[in-house]
2 protein chains.
Amino acid sequence: MYCLAMFLTNQIQEERERERMEKENNNASVEVMSNNQVIYREQVRGSLKETNLEVRTSSERLKADAGLGTIFVKNLYLACDPYNLTIIKYLTHLGSPVTGYGVARVLESGHPNFKKGDLVWGITGWEEYSLITAPETCFKIEHTDVPLSYYTGLLGMPGMTAYAGFFEVCSPKKGETVFISAAAGAVGLLVGQFAKLFGCYVVGSAGSKEKVNLLKNKFGFDDAFNYKEEPDLDAALKRCFPEGIDIYFENVGGKMLDAVLLNMKLHGRITVCGMISQYNLKQPEGIHNLMNLILKRVRMEGFVVSDYCHLYPKFLETVLPQIKEGKIVYTEDMAEGLENGPAALVGVFSGHNVGKQVVMVSRECVSLKCAINGVLMAWRSTR
Amino acid sequence: MYCLAMFLTNQIQEERERERMEKENNNASVEVMSNNQVIYREQVRGSLKETNLEVRTSSERLKADAGLGTIFVKNLYLACDPYNLTIIKYLTHLGSPVTGYGVARVLESGHPNFKKGDLVWGITGWEEYSLITAPETCFKIEHTDVPLSYYTGLLGMPGMTAYAGFFEVCSPKKGETVFISAAAGAVGLLVGQFAKLFGCYVVGSAGSKEKVNLLKNKFGFDDAFNYKEEPDLDAALKRCFPEGIDIYFENVGGKMLDAVLLNMKLHGRITVCGMISQYNLKQPEGIHNLMNLILKRVRMEGFVVSDYCHLYPKFLETVLPQIKEGKIVYTEDMAEGLENGPAALVGVFSGHNVGKQVVMVSRECVSLKCAINGVLMAWRSTR
């Protein structure tokens, strides 16, 4: 549920954009520059196709403005995630560049929190250069001895979602049993690894044999199953959790949730991060087994990562050492160049990518240490 | 959800009863006494009828046994509540006396926690005299300056359920908006009053015009509606809560829950005490609006009062002064004599009773203060 944060950010952005346009009209002296962009060209009907998007070069006047508190950035890496489709469909005007989470370098700053040369991650445009009109929603990148692209995933919003959802909402205890649906997704993979490192027994569900194999053999899950091949989800869960489930990290909703409710342990917790199986239905499926909330005294709680942004420093403190010690497996599928962005994003919906799909707009490695760590991590992830 | 506690208690009782019978067979010297009882005579099909029960006099040998830790009591007051039907249908053998919550005086004790003359409330039989084989589930009555019958309701399990559910599970804050379904029920009425005394805005739903009037005019609810007369529950809730609901005390489930989910405020809480509209359905109705748990970051939590028994002294500390100061409105409908028990219990299901239905097996007033308080409270409740 990044979308809510994204929605609010978009509201601020739009407001500021209007103010900027007004100012710009009164200030024709700003230099015109060329800017490659991925534009939302044609209304999405059903699934996303490359033809819905278009890469084109625009000429723009872009300049940070201290009066409006904007920052002008060069984009480096862009995140490709299922939520991008929601943003495109519901929050992007036809003819405008696609927006999403990304990593960027500040070229000019009109905001007191940022200065020229800073690296940031947050909501930006799918383009070479962006004017970020709500920079207070961006995080400054302080740790550059890991690949910068990690701030689109593991060290960005999906990482924070997994961390806050698991540690703050699930209230885990060592030795507890944890079930994660959509476990091979950006968030699920990290929840599973956090839970394993914390000392839980972890099982995930995913939608293909390959993903199930990866969960078990590469990402250290204790067990995993392909929900598409299970005629009876209740039976699958009983097989994996003969004693029941302490924690369910909910990403899918629908029939899986109903089956999980039958298998919760006393005082179990269901943390609701998403219900992806329900988003495209006219009416969400009915959930019938909520009586189990009483019988098992279960707590079910929805959360949105933006409520936990204050924990970002604590999150980095926990996760950065784990990354450097190779305790977290994280793989990326890097599309090079903005022109390959549309194909990379479309590929996410058909499961083409192996690991986190990123679009590299411009490569940047800020230190030798970062370069070495990058190579090391890439090597570890292929083992 | 008293039934779970009741089920566990029944399991202990049955085990002890077997042991007792064995002992008794070896000890024919214990005095045989006459005991009026309400017996489960004929299987309940659909709703409870008087003919399912029978009042009869048995001859029994009853004696507390220190070896088994039992206590022998004289029953004074018995609670009539909807949960009695569940107990009768699922936990009572044909030919055995009905069981339920009641108030009793100890005649003989074989348990170190109790002595002859003590007053207790807990699970007992619908009969003049009972041998309580699991007295550790009973509470000793220390405060006798209120009518003893209150320990079947306000100061017993329904009161504790309302108190623990509201204060421990709902995490209320002053000024919050509270919605209670089945608000005219034993628990709902008390939740509403606790919430009002705490400083919340309280609305309840009930199933008749009379109940709605009572909620508003006698029990101090800010508003109430008859769910049977509302063609659109969502609209009814929007009318009562234009800003949304902070706390929903859930007693009914089904369509009401689905409508409430559409009206929850950010960081709202749904405390699931019961889902009475669903108990008699083959399959519970589907709940479609759980996505709102994420959108509004709502916590939904089931609870069972037996998990909160340790809070009983704190509960009394809070509620006893409120009762004595007349801050809580509590009315009883007293059926006099065990022979009127079946009719009183059947009446509960057709809403015949006004206030908490109690069966008086034997009147007992332990102090003049209690008698005066009783009269005072009865007078207040008629105003």
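Now for a quick tour of the structure. (Residues numbered from 1 in each chain as written. Chains lettered and ligands numbered in written order. Predicted model: local features only at pLDDT ≥ 70, side-chain atom pairs only at ≥ 80, totals over all residues. Heavy atoms only, no water.)

Next up on the list: the sheet that holds strand β13 (residues 299-302) of chain A. Here 12 strands make up an open sheet; going across it, the order is β10(A)-β9(A)-β8(A)-β11(A)-β12(A)-β13(A)-β13(B)-β12(B)-β11(B)-β8(B)-β9(B)-β10(B) and the pairing mixed. A strand with exactly one partner marks an edge of an open sheet, and here the two such strands are β10 (223-226) of chain A together with β10 (223-226) of chain B. Strand-to-strand twist across the sheet, computed as the mean angle between neighbouring axes with direction ignored, equals 15 degrees. Alignment of strand β9 (residues 201-206) of chain A against β10(A), held across four bridges, turns out to be parallel. Bridge pairing in β10(A) links Ala206(A) to Asn226(A). Against the sheet, helix α3 (residues 157-169) of chain B makes contact with β8 (177-180), β11 (245-250), β12 (264-272) and β13 (299-302) of chain B, and its axis sits at roughly 150 degrees relative to β11(B), the strand it touches most. Helix-sheet contacts for helix α4 (residues 186-198) of chain B involve β8, β9 (201-206) and β11 of chain B, and the interaxial angle to β8(B) is about 170 degrees. (Pairing = 2+ DSSP bridges. Helix = DSSP H or I, 4+ residues; strand = E, 2+ residues; numbered from the N terminus. Axes fitted to C-alpha atoms, helices over the stretch in contact; angles between N-to-C directions. Contact = heavy atoms within 4.5 Å.)

Turning to the pattern of salt bridges, a few remarks are in order. Oppositely charged side chains can form a pair if their charged atoms are brought close together. Inspection of every chain in the model, using the stated rule, returns 32 salt bridges over all chains. Across the salt bridge formed by Asp145(A) and Lys324(A), the nearest N and O atoms sit 2.9 Å from each other. Within this pair, whereas Asp145(A) is found in the loop between β7 (139-140) and α3 (157-169), its partner Lys324(A) is found in helix α9 (residues 312-324), the two being separated by 179 residues in sequence. A salt bridge links Lys238(B) to Asp234(B), with the shortest nitrogen-to-oxygen separation between them at 2.6 Å. Separated by four residues within a single helix, Lys238(B) and Asp234(B) lie in helix α6 (residues 233-240), roughly one turn from each other. According to the relative accessible area criterion, Lys238(B) is partly exposed, its value standing at 41%. The exposure class of Asp234(B) is partly exposed, given its relative accessible area of 22%. Shared partners join several salt bridges into a network, and the residues in it are Lys115(A), Asp118(A) and Lys140(A). (Salt bridge = Lys/Arg side-chain N within 4 Å of Asp/Glu carboxyl O. Buried < 20%, exposed > 50% of the residue type's maximum accessible area, 1.4 Å probe, protein only.)

Counted under the stated rule, the structure contains 42 aromatic pairs over all chains. Considering the side-chain rings of Tyr101(A) and Trp121(A), the 6.1 Å spacing of their centres and the 50 degrees angle between planes classify their relative orientation as tilted. Here Tyr101(A) is found in strand β4 (residues 99-109), whereas its partner Trp121(A) is found in strand β5 (residues 119-125), with 20 residues between them in sequence. Accessibility assignment for this pair places Tyr101(A) and Trp121(A) in one class, buried. Summarising the aromatic geometry, the rings of Phe167(B) and Phe198(B) are spaced 5.6 Å apart at their centres and angled 80 degrees between planes, so their arrangement reads as edge-to-face. With Phe167(B) in helix α3 and Phe198(B) in helix α4, the pair connects residues that are 31 residues apart, well separated along the chain. Geometry around Phe198(A) places Lys174(A) over its ring, the cationic atom sitting 4.6 Å from the centre. (Phe/Tyr/Trp six-rings, centres within 6.5 Å; stacked < 30°, edge-to-face > 60°. Lys NZ or Arg CZ within 6 Å of the ring centre and 35° of its normal.)

Our focus in this paragraph is the packing of α3(B) against α4(B). Residues and elements named next belong to chain B. At a closest axis distance of 8 Å, the pairing of α3 and α4 adopts a crossing angle of 45 degrees. By the angle class used here, α3 and α4 are oblique. As for the relative orientation of α3 and α4, their crossing is right-handed in sense. On the side of α3, the interface is formed by Pro 158, Gly 159, Thr 161, Ala 162, Tyr 163, Phe 166 and Phe 167, while α4 contributes Ala 186, Val 187, Leu 190, Val 191, Phe 194, Ala 195 and Phe 198. (Parallel < 35°, antiparallel > 145°, perpendicular 65-115°, else oblique. Left-handed = near helix turned anticlockwise from the far one by under 90°.)

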